[in-house]
Amino acid sequence: MLVLTFVVSLVLLILGAEMLVRGASKLAMSFGISPLLVGLTVVSFGTSAPELAVAVSGVMTGNTDVALGNVVGSNVLNILLILGLAALITPLVVHRQLVRQEVPIMIGISFLVLWLAFDGFISRLDGLVLVLLLAVYLTFLFVQSRRGSGGVDADLPALASGWDRHWSVQLLLIAVGLVLLVLGADWLVEVAVSFAQSMGISPLVIGLTVVAIGTSLPEIATSVLAALRGQRDIAVGNVIGSNIFNLLAVLGIAAGISPWGIPVSLAMLKFDLPVMIAVAVACLPIMFTGHRIGRREGALFFGYYLAYTAYLILYAQSHDALDEYSLVMSAIVLPLTVITLLIVLLRELRARRIRRIRQSGG
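Chemist: How should the overall build of the chain be read in this particular structure?
Modeler: For the chain, the count of helices and strands is 13 helices and 4 strands. Residues classed as buried in the chain amount to 51% of the 362 residues present. As presented, the chain carries roughly 16700 Å² of accessible surface, and 70% of it is formed by carbon and sulfur atoms.

The following block contains the structure:
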């Protein structure tokens, strides 16, 4: 019954997110909003709705570890697994706005969450601060869009056509999608907690792995399909936007409605939150060099997600190889990756300087 309920809850989450994203995207596109802005806002919020539903359900039932683990695990998964898979399918051209604006915002918010968590809690006041920052961010995006910085895509009228082009159908899709998301999230949290208790695994690890993968399925489907269809702004914007929404909206609302806030474990402070920040920071040099994520970068991201998941599995089992594995990752693999990224970044900066010199000389 646990397995059956888990499968049904995932199906409800996926269907609900699909209906919500479809209805909300079409509704937004009818106003002539650019695909990048749609990916950063409407699609990101829609695909983050499962995380929000799971987090709210988790704090309401006292399972705060699942709520926090889901947010952090989803952010790591969004970049390493989803961008990795999408880039392996087809190289992703990254919009300049993402490199200059959204990725630094994501990194800044990630550091802010770590700072807020230093006292061992994401308090209700912390949650209010995050939600207020979300309101500021959304207002900034829409003002920026009105000033014409994003540009309106010529294909928007075609994207807004179809059987669901009428606003009443779009609103119905949004409403039904929200209902399915709430039901699916409630069942998924119950199953995850029961599974953790029966297997002797902590709810935090379950939230970082099983629940994070389950609630990130809409992002996986959205970004992979967008990459296959050539809508790369939506593919990348959805991932970066979802991470921002997860931290500001999901974590902020969950902490705000929890009577005592969300407790942050020592393991989360020492490992999972720093990993989330490291993954966010790694996006900047990769996206900065040529404004693209190639297949090599995609393979690097995907490989790191497998390594991260392997660590969580070893940690959950208290495996004898955990210390050796951690040593290899922290003392060899991670430093080599940082050095490689710095070399790539310096080469790109040098190449740009040479091009500017040649252009000025010509």
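Chemist: Teacher, can you tell me more about the packing of aromatic side chains here?
Modeler: Aromatic ring pairs: the centre-centre distance and the angle between the two ring planes describe each pair. In total, this model carries 2 aromatic pairs according to the counting rule given. Between F271 and Y308, the ring centres sit 6.1 Å apart and the planes meet at 15°, which makes this aromatic pair stacked. Linking F271 in helix 11 (residues 266-288) with Y308 in helix 12 (residues 295-317), this pair joins segments that are 37 residues apart in sequence. When its relative accessible area of 24% is taken as the criterion, F271 is described as partly exposed. Among the residues examined, Y308 registers a relative accessible area of 6% and is labelled buried. Chaining the aromatic ring pairs together yields one cluster made of F271, Y308 and Y311.

Chemist: Would you mind going over a nonpolar patch on the surface with me for this structure?
Modeler: A cluster of nonpolar side chains, namely M1, L4, V8, V179, L183 and W187, defines an oily patch on the protein surface of about 590 Å² accessible area. Counting only elements with at least two residues in the nonpolar patch, the list comes to helix 1 (2-29) and helix 8 (167-199). No other element matches the 3 residues that helix 8 contributes to the nonpolar patch. Looking at where L183 falls in the secondary structure, it is placed in helix 8.

Chemist: So what exactly am I meant to see when it comes to the packing of helix 3 (residues 49-60) against helix 4 (residues 64-89) here?
Modeler: Two quantities define a packed helix pair, namely the angle between the helix axes and the distance between the axes. In the contact formed by helix 3 and helix 4, the axes pass within 7 Å of each other and the chain directions differ by 160°. Regarding the angle of helix 3 to helix 4, the classification is roughly antiparallel. As for how helix 3 packs across helix 4, the hand of that crossing is left-handed. Residues E51, V54, A55, G58 and V59 of helix 3 touch helix 4, and the partners they reach there are T64, V66, A67, N70 and S74. Of the residues in the contact of helix 3 with helix 4, the class split is 5 nonpolar, 4 polar and 1 charged.

Chemist: Help me understand the confidence of the model for the chain in this model?
Modeler: Keep in mind that low pLDDT regions are not for reading the predicted coordinates in detail. In the predicted model, the chain carries a mean pLDDT of 77, and 77% of its residues have values of at least 70. Across the chain, the secondary-structure element scoring lowest on mean pLDDT is helix 7 (residues 156-159), at 45, and the one scoring highest is strand 2 (residues 121-122), at 90. When the criterion is pLDDT under 50, residues 149-160 qualifies, and its contacts beyond four places in sequence or with other chains add up to 16 contacts.

Chemist: How do you make sense of the environment of A254 when you look at a structure like this?
Modeler: Relative to the helices and strands, A254 resides in helix 10 (residues 232-257). Along the backbone, A254 and V56 are 198 residues apart, and their C-alpha atoms lie at a distance of 5.2 Å. Look past the residues within four positions of A254 in its chain and what remains in contact with it is A55, V59, A249 and I262.

Chemist: How should the packing of helix 4 against helix 12 be read in this particular structure?
Modeler: Axis separation between helix 4 and helix 12 bottoms out at 7 Å; the angle between their running directions is 140°. When the axis of helix 4 is compared with that of helix 12, the two are oblique. In this structure, helix 4 crosses over helix 12, and the sense of that crossing is left-handed. Side by side, helix 4 and helix 12 meet where V76, L77, I79, L80, L81, L83, G84, L85, A87, L88 and I89 of the first sit next to R295, G298, A299, F301, F302, Y304, Y305 and Y308 of the second.

Chemist: I tried to follow helix 12 on my own but got confused; where do I start?
Modeler: In a regular helix each residue adds 1.5 Å, so 23 residues correspond to 33 Å; helix 12 covers 33 Å between its end C-alpha atoms and thus fits that length. All of the buried residues along helix 12 are G298, F301, Y304, Y305, A307, Y308, T309, Y311, L312 and L314. Count one or two residues on from helix 12 and you reach S318, which has phi positive near 50°.

Chemist: Sorry if this is basic, but what is going on with helix 5 (residues 96-116) here?
Modeler: An α-helical turn contains 3.6 residues, so any two residues separated by three or four positions project in the same direction. In a regular helix each residue adds 1.5 Å, so 21 residues correspond to 30 Å; helix 5 covers 30 Å between its end C-alpha atoms and thus fits that length. The largest bend along helix 5 measures about 30° and falls at E102, with the proline P104 one to four residues further on.

Chemist: Could you clarify how one ought to interpret the side chain of N246 in this entry?
Modeler: As for its placement among the helices and strands, N246 is situated in helix 10. According to the relative accessible area criterion, N246 is buried, its value standing at 0%. Beyond its immediate sequence surroundings of up to four residues, N246 is in contact with S48, E51, V71, S74, N75, N78 and L251.

Basis of the calculations
- Residue numbers here run from 1 along each chain, matching the order of that chain's written sequence.
- Only residues with pLDDT of at least 70 are given local features in this predicted model, and only at 80 or more are side-chain atom pairs given and counted; all residues enter the totals for whole chains, interfaces and linings.
- Processing note: side-chain calculations cover all non-hydrogen atoms of the structure and skip hydrogens and water entirely.
- Labels follow the DSSP assignment, with helices taken as runs of H or I lasting at least four residues and strands as runs of E lasting at least two, numbered in each case from the N terminus.
- Exposure is judged per residue with a 1.4 Å probe applied to protein chains only, and the accessible area is read against the type maximum: over 50% gives exposed, under 20% gives buried, and values in between give partly exposed.
- With residues, only the protein chains shown are counted as cover, and all accessible areas are computed by Shrake-Rupley using a 1.4 Å probe.
- Working definition: rings of Phe, Tyr and Trp (its six-membered ring) pair if their centres are within 6.5 Å, and the pair is stacked with planes under 30 degrees apart, edge-to-face with planes over 60 apart, and tilted otherwise.
- Patches here: salt-bridge-free residues with over 30% relative accessible area, like charges joined within 9 Å, nonpolar side chains (Val, Leu, Ile, Met, Phe, Trp, Tyr) joined within 5 Å.
- Definition used for salt bridges: Asp or Glu carboxyl oxygen within 4 Å of a side-chain nitrogen of Lys or Arg.
- Think of each axis as a best-fit line through the C-alpha atoms, taken over the contacting stretch in the case of a helix, with angles from 0 to 180 degrees between the N-to-C directions.
- Note that the term roughly parallel is reserved for angles under 35 degrees, roughly antiparallel for angles over 145, roughly perpendicular for angles of 65 to 115, and oblique for everything else.
- By convention the crossing between two helices is left-handed if the near helix lies anticlockwise of the far one by an angle smaller than a right angle, and right-handed if it lies clockwise.
- Any two residues having at least one pair of non-hydrogen atoms within 4.5 Å are treated as being in contact.
- Gly counts as polar in this scheme, as do all residues outside two lists: the nonpolar Ala, Val, Leu, Ile, Met, Phe, Trp, Tyr, Cys and Pro, and the charged Asp, Glu, Lys and Arg.
- Predictor confidence is given residue by residue as pLDDT, running from a minimum of 0 to a maximum of 100.
- Residue count minus one, scaled by 1.5 Å, sets the expected span of a helix.
- Bend angle per residue: angle between axes fitted to the 7 residues ending at that residue and the 7 residues starting there.

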